Amino acid sequence: EEIILPDIIAGKEIKWKSFTGDNSLLILIPVIAAGAAVYFLPDSSLKEKLKKRNEELRYDYPFFVSKIVLYLGAGLTIRGIFEKLAEDYRASSCKDDKKRYLYEEICRMVRAMDGGQSEEEAYLLFSASCGLQEYSRLVSILTQNLRKGQSKLKELLMNEAREAGIKRLDNERIRAEQASIKLMFPMMI
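Residues numbered from 1 in each chain as written. Predicted model: local features only at pLDDT ≥ 70, side-chain atom pairs only at ≥ 80, totals over all residues. Heavy atoms only, no water.

A. Representation of the packing of helix 3 (residues 101-114) against helix 4 (residues 119-130) in the model. In the contact formed by helix 3 and helix 4, the axes pass within 9 Å of each other and the chain directions differ by 155°. The angle between helix 3 and helix 4 falls in the class roughly antiparallel. Relative to helix 4, the crossing made by helix 3 is right-handed. Where helix 3 abuts helix 4, its residues Leu102, Glu105, Ile106, Met109 and Met113 lie against Glu119, Ala122, Tyr123, Phe126, Ser129 and Cys130. (Axes fitted to C-alpha atoms, helices over the stretch in contact; angles between N-to-C directions. Helix = DSSP H or I, 4+ residues; strand = E, 2+ residues; numbered from the N terminus. Parallel < 35°, antiparallel > 145°, perpendicular 65-115°, else oblique. Left-handed = near helix turned anticlockwise from the far one by under 90°. Contact = heavy atoms within 4.5 Å.)

B. Quick look at the packing of aromatic side chains. Inspection of every chain in the model, using the stated rule, returns nine aromatic pairs. Between Phe82 and Tyr123, the aromatic rings sit 5.5 Å apart at their centres with planes inclined by 45°, giving tilted as the arrangement. Within this pair, whereas Phe82 is found in helix 2 (residues 78-96), its partner Tyr123 is found in helix 4, the two being separated by 41 residues in sequence. Note on accessibility: Phe82 and Tyr123 belong to one class, buried. Between Tyr89 and Tyr103 the ring centres are 5.6 Å apart and the planes differ by 20°, which places this aromatic pair in the stacked class. With Tyr89 in helix 2 and Tyr103 in helix 3, this residue pair connects regions lying 14 residues apart in the sequence. Look at Tyr103 and you get buried, because its relative accessible area is 11%. Taken together, Tyr61, Phe64, Phe82, Tyr123, Phe126 and Tyr135 form an aromatic cluster joined through their ring pairs. (Phe/Tyr/Trp six-rings, centres within 6.5 Å; stacked < 30°, edge-to-face > 60°. Buried < 20%, exposed > 50% of the residue type's maximum accessible area, 1.4 Å probe, protein only.)

C. Region of interest: unusual backbone geometry. You will see that Ala10, though not glycine, has its phi angle at about 50°, which is positive. Checked against the element boundaries, Ala10 lands in the loop between strand 1 (8-9) and strand 2 (12-13). Under the relative-accessibility criterion, Ala10 is labelled exposed at 77%.

D. Highlighting the pattern of salt bridges. The tally for this structure, following the rule as stated, stands at 14 salt bridges. Close ionic contact of Glu83 with Arg79 constitutes a salt bridge, the shortest N to O distance being 3.2 Å. In this pair, Glu83 and Arg79 are both assigned in helix 2, four residues apart and thus about one turn of the helix distant. We classify Arg79 as partly exposed; its relative accessible area is 25%. The partner of Arg147 in a salt bridge is Glu120, with the nearest N and O atoms 2.7 Å apart. Of the two residues, Arg147 is situated in helix 5 (residues 133-148) and Glu120 in helix 4; the sequence distance between them amounts to 27 residues. On the basis of relative accessible area, Arg147 is assigned to the exposed category, the value being 55%. Overlapping salt bridges, with partners in common, bring together Arg53, Glu105 and Arg108 in one network. (Salt bridge = Lys/Arg side-chain N within 4 Å of Asp/Glu carboxyl O.)

E. Summary view of the environment of Leu85. With respect to the helices, strands and loops of the structure, Leu85 is situated in helix 2. Looking at Leu85, the relative accessible area reads 3%, which means it is buried. Between the C-alpha atoms of Leu85 and Phe64, which are 21 residues apart in sequence, the distance is 9.1 Å. Leaving out residues up to four positions away in the same chain, Leu85 has contacts with Phe64, Lys67, Tyr71, Tyr103 and Ile106.

The structure is reproduced here in structure tokens:
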């Protein structure tokens, strides 16, 4: 029941203390908090990057469709248009090192087509990698053109460009309203 501890071992005096309590909970709580932070912080950062990417893709869409209509009117094929857009982007990105998600995806699609992938597969991959409904709608127009050879492609793309422009204006209006709401609190102070 009782153990007698020595006061001296090998000529050195030893001081003993009794166990005062369990401090493991004080260590466990910060470890759990740090683990949760390590687990959730990268996700929130990734979600923020994805949100920024989607906003940029939505912003670029009306201009992109308008360029397609413009180049189509100039006599380029759809594949030629994408090659031209990729070439222009590469030339401009070499100068200012600014990356645009849409044009990075276009460059990836052109490389896939140059590598032997069919146009339809490349368009579908492009739509999937963009992941937005607008691009899916555009790709469905382009793939229908490849399959059926529609003579009304330019009209369909012009309608799409018009609708995209209207939607862009609506989105800008919403963003302006959100900005004014965010500014209300500092103005009240």
